[in-house]
Structure formats: structure tokens, C-alpha cells
Amino acid sequence: MESRPNPVSRASAVRAFELSLIYGTLALAAAAAWSLDIPELWYAVALFFAVDTLIVLWYMPVRCASDGGIYKLCTPVRCLEVRVVEIFGEVAGGRTIPTTPRGASCWGWPLPTTQFLSCRDRLYFSTPHCGGRWMRIRGEVEGRQKEVWLCGCQ
């Protein structure tokens, strides 16, 4: 009998990796400020911690759910609704986006484990539960039509 990895523990490991990547450098800077006794460095660490926390709360993808042609893409503090206009189908890939976002016109959460990128004409959203199957749709997002790529939606 073949043993499969538990998707919940895999998702938890993905999230732990992401948060350690973001806050690990701040912990090292705080340790340096403590050991070197540099008050200015403490101020910089506090400022970066506050900014990083705001970015994490606004952009970190947490969950995605569909309900009657509407997808809710949620971060810890907000949800974005996508109304389905047309379904293109599934695209096999991995945790990373199967297509390359064009240019530097994308904003969001571009980590290699989960994504929440809003580009001019595209939106990419994947949760820690992403298994590599991306759903490609055309949807209405905040009054504009975009090509939407979703992975890990339930």
C-alpha cells in the first residue's frame, strides 16, 4: 500500500517555510541589534517588521472557495471576489505559475510556494493546498475582466 503525504501537513510546512523566509531575516537583524547594542538598528527592525506584517496580512493567500460561479480568494484580512465569465479548463503545472507573468506590472505575493499576483490583464492565486493543477478562467475582478489562474481552490 502506497503512503500519501497528508495535504494539511504539507500546507502547514509550506506556510512555515514562507513565514520563516520573511521573518527569519528580521529575527537575525534583531539578534544583531541585541548583541551589538545599536538602538538605531532596533528602530529599523521595528519598521521593517511593521511593513512586512502589513504586506503579509494584505497579500498572503490563505484560502480559495467557489460558490455558484463566484470564487472567493482570501488573505488573512480581505477576500476578493471573482465572477466567472468563461472557463478555459485546467493546466498541469507545479506550485509555480505555468505561464510567466509579463513585465514588472505585477504586484502581490510572488513566493515560489504560493502566489497572489495581480497583473494588468491577469490574476494568479494559489494556496498552500495547490497540487499543481491550475484552473484557468476569464473572470470579473473588481469591475474589470481578467484572465484568472487558480490553484488549490476547493
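To be clear, the structure that these remarks concern was listed above.
What you see is a predicted model; the values in this text were computed from it and never measured.

## Some points on the overall build of the protein
Alright, step 1. Of the regular secondary structure elements, the protein holds 2 helices and 8 strands.
Alright, step 2. N-terminal to C-terminal, the α/β element order of the protein is α-α-β-β-β-β-β-β-β-β.
Alright, step 3. The C-alpha extent of the protein, read off along each of the three principal axes, is 60 × 50 × 25 Å.
Alright, step 4. Sorting the 154 residues of the protein into buried and exposed places 33% on the buried side.

## What about the packing of aromatic side chains?
Centre-to-centre distance and the angle between the planes together describe a pair of aromatic rings.
Alright, step 1. Under the counting rule described, the total for this entry stands at 4 aromatic pairs.
Alright, step 2. Here Y59 and F116 contribute two aromatic rings whose centre-to-centre distance is 6.3 Å and whose plane-to-plane angle is 70 degrees, an arrangement assigned as edge-to-face. Here F116 lies in strand β5 (residues 116-118) and Y59 lies in helix α2 (residues 39-59), a separation of 57 residues in the sequence.
Alright, step 3. A relative accessible area of 24% places Y59 in the partly exposed class.
Alright, step 4. Members of the aromatic cluster, each reached through a chain of ring pairs, are Y59, F116 and F125.
Alright, step 5. The aromatic ring of F88 is capped on one face by R136, whose charged end is 4.4 Å from the ring centroid.

## What to know about α2
Alright, step 1. With 21 residues, α2 extends 30 Å between its outermost C-alpha atoms, agreeing within 8% with the 30 Å of an ideal straight helix rising 1.5 Å per residue.
Alright, step 2. Restricting attention to buried positions, one finds in α2 the residues V45, D52 and V56. Looking straight down α2, one finds that the buried residues subtend no more than 40 degrees of arc, so they occupy a single side. Facing away from the buried surface of α2 by more than 90 degrees, the exposed residues are E40, Y43, L47 and L54.

So, how was this worked out
Residues numbered from 1 in each chain as written. Predicted model: local features only at pLDDT ≥ 70, side-chain atom pairs only at ≥ 80, totals over all residues. Heavy atoms only, no water. Helix = DSSP H or I, 4+ residues; strand = E, 2+ residues; numbered from the N terminus. Buried < 20%, exposed > 50% of the residue type's maximum accessible area, 1.4 Å probe, protein only. Phe/Tyr/Trp six-rings, centres within 6.5 Å; stacked < 30°, edge-to-face > 60°. Lys NZ or Arg CZ within 6 Å of the ring centre and 35° of its normal. Expected span 1.5 Å × (residues − 1). Arc of directions from axis to C-beta.

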